[in-house]
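# Topology and contacts: notes
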Amino acid sequence: MEYVFDVFFEECFNKMERSGLMSRAGRRDIISHLNSVISGCIQGRQTASTQLAVGLAVTSAIDYHNRMKGDNYEVCMMGKYHNVLYIALRITWDWGLEDSTIVRNLLDEIFKCEKTFERLFLGALFGCNAPHFIAGWKSDFNDQDENLRAVVFFLHHSAKARAIYPTYSYAYQRLRHTKFIDVPIDSCGKATPLRVALQASAPDIVLILLRHGANPCPDDGGASPVLSLLEKLAESEDRCYPFQLVSCLKLLLRTIVMVELPYKPHLYVVRKEMFHSKYAALLEDGLLSAEQVYGIPSLKHISRCIIRDVLRENFQLPGSIVKLPLPRKLQKYIDLLD
């Protein structure tokens, strides 16, 4: 069966112009042909054979990319030679490939060439037309909802395979291992997907990213996400706060123990006074809890944050929450759903 897919990529791509996969229509045409080949290979067989065929198809695409790169002194020639990876990405999603190792291998190859996953995340964050204006290419997914579900699919597999990628940390001034969910988006000022979702005031996406283990305090060089939201809310006229912004703030506050006061290196008393003078209205209106800024948060909240931190560090969010020996209500609380 491997031979069938190897021949498919060799024959199709040898006859194709280098720019043949630049258009979404061109990629969809190849995807349709490859789906037909996969269907032919598994016709009349069981589900296990389906997973085998899809896994071989994706692996063959990765191998073709590596062969072409190897013939060019290990430098990706881009064009059709790189877009073959996005053919494999769509095939992986279409057929629901269950082998996390193969999915991770595919994501690894994309990162080696691009150093980002923005072609996957931008459509989920802004809709499928936005990537064309932001980065010059069109999303391979039909709409934002499908793109978002695909992101969740790859978040699941990257966590299961414990995928990490070397990205530059502005906080530590060096390369650090970063999880798939926190890899910066180049065309958005190298901000993490969570920060971009917060800036776009998209609480539904913020919830998905936080539940799947996005770092609530990313070290991508930007200001504290909580303080950025407080800054926006403080600018609201007549205390008419945008619902989307408030929702984003509430979700983010569920994942951090305390709001660290800015204005360092002033003394704490001075910092507290400066913070209160600027955000007193938010405290009075209940958007921010005084205990989470100046006092001592509840033991329940502290426990949630610590448990989530441990699970996040071990790639166990959100799947392993249901395995905790706790009542369902507390599991939902830890999972940010209650």
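Conventions we followed
- Residues numbered from 1 in each chain as written.
- Predicted model: local features only at pLDDT ≥ 70, side-chain atom pairs only at ≥ 80, totals over all residues.
- Heavy atoms only, no water.
- Helix = DSSP H or I, 4+ residues; strand = E, 2+ residues; numbered from the N terminus.
- Buried < 20%, exposed > 50% of the residue type's maximum accessible area, 1.4 Å probe, protein only.
- Contact = heavy atoms within 4.5 Å.
- Areas by Shrake-Rupley, 256 points an atom, 1.4 Å probe, with all protein chains shown as cover.
- Lys, Arg positive; Asp, Glu negative; His and termini not counted.
- Charge placed at Lys NZ, Arg CZ, Asp CG, Glu CD.
- Salt bridge = Lys/Arg side-chain N within 4 Å of Asp/Glu carboxyl O.
- Pairing = 2+ DSSP bridges.
- UniProt positions renumbered as here; feature names shortened; annotations may be inferred.
- Disulfide = S-S within 2.5 Å.
- Domains from an automatic or database assignment.
- Buried area = accessible area lost by both parts, 1.4 Å probe.

- In the annotation of an unreviewed UniProt entry, the entry for the chain reads SOCS box domain-containing protein, and the organism field reads Anopheles minimus.

### A closer look at the overall build of the chain
- Assigned secondary structure in the chain consists of 16 helices and 2 strands.
- Structurally, the chain occupies a C-alpha span of about 70 × 45 × 35 Å along its principal axes.
- Relative to its 338 residues, the chain shows a buried fraction of 50%.
- Considering only contacts within the chain whose residues lie at least 6 apart along the sequence, 66% involve residues at least 24 apart.
- Split by element, the accessible area of the chain, about 16400 Å² in all, is 55% carbon and sulfur.
- Side-chain charges of the chain comprise 40 positive and 38 negative groups, with the mean position of each set lying 4 Å from the other.

### What to know about the pattern of salt bridges
- Counted under the stated rule, the structure contains 17 salt bridges.
- In this structure, glutamate 146 and arginine 90 form a salt bridge, with 3.2 Å as the shortest nitrogen-oxygen distance. Taken as a pair, glutamate 146 in helix α8 (residues 144–160) and arginine 90 in helix α4 (residues 80–95) lie far apart in primary sequence, 56 residues in all. Each member of the pair, glutamate 146 as well as arginine 90, is classed as buried.
- Each of Lys69, Glu109 and Lys112 takes part in one network of salt bridges that share partners.

### What about the pairing of strand β1 (residues 164–169)?
- The sheet contact formed by β1 and strand β2 (residues 174–179) spans 6 bridges and is antiparallel. Bridge pairing links tyrosine 168 to leucine 175 in β2.
- Here β1 hands over to β2 after 4 residues, with glutamine 173 in that stretch at a positive phi of 55°.

### Looking at the UniProt feature "domain: SOCS box" (unreviewed entry) in the chain
- The UniProt feature table records "domain: SOCS box" (unreviewed entry) at residues 296–338.
- With 51% helix and 0% strand, the stretch residues 296–338 has end C-alpha atoms that lie 21 Å from each other.

### Looking at the state of the cysteines
- For the coordinates displayed, the defined rule picks out 0 disulfides.
- Among the cysteines around cysteine 128, which has no disulfide bond, cysteine 188 carries the closest sulfur, lying 15 Å off.
- By relative accessible area, cysteine 128 is classed as buried at 8%.
- Distance from the sulfur of cysteine 248, which forms no disulfide, to the nearest cysteine sulfur (cysteine 217) is 15 Å.
- Judged by its relative accessible area of 0%, cysteine 248 falls in the buried class.

### A closer look at the domain arrangement of the chain
- Segmentation of the chain into domains returns domain 1 (1–112), domain 2 (115–222) and domain 3 (254–335).
- If you average the C-alpha positions of domain 1 and of domain 2, the two centres end up 23 Å apart.
- Listed by partner, the interface residues are 21 residues for domain 1 and 28 residues for domain 2.
- Summed over both sides, the interface of domain 1 with domain 2 buries roughly 2300 Å², with 59% coming from carbon and sulfur.

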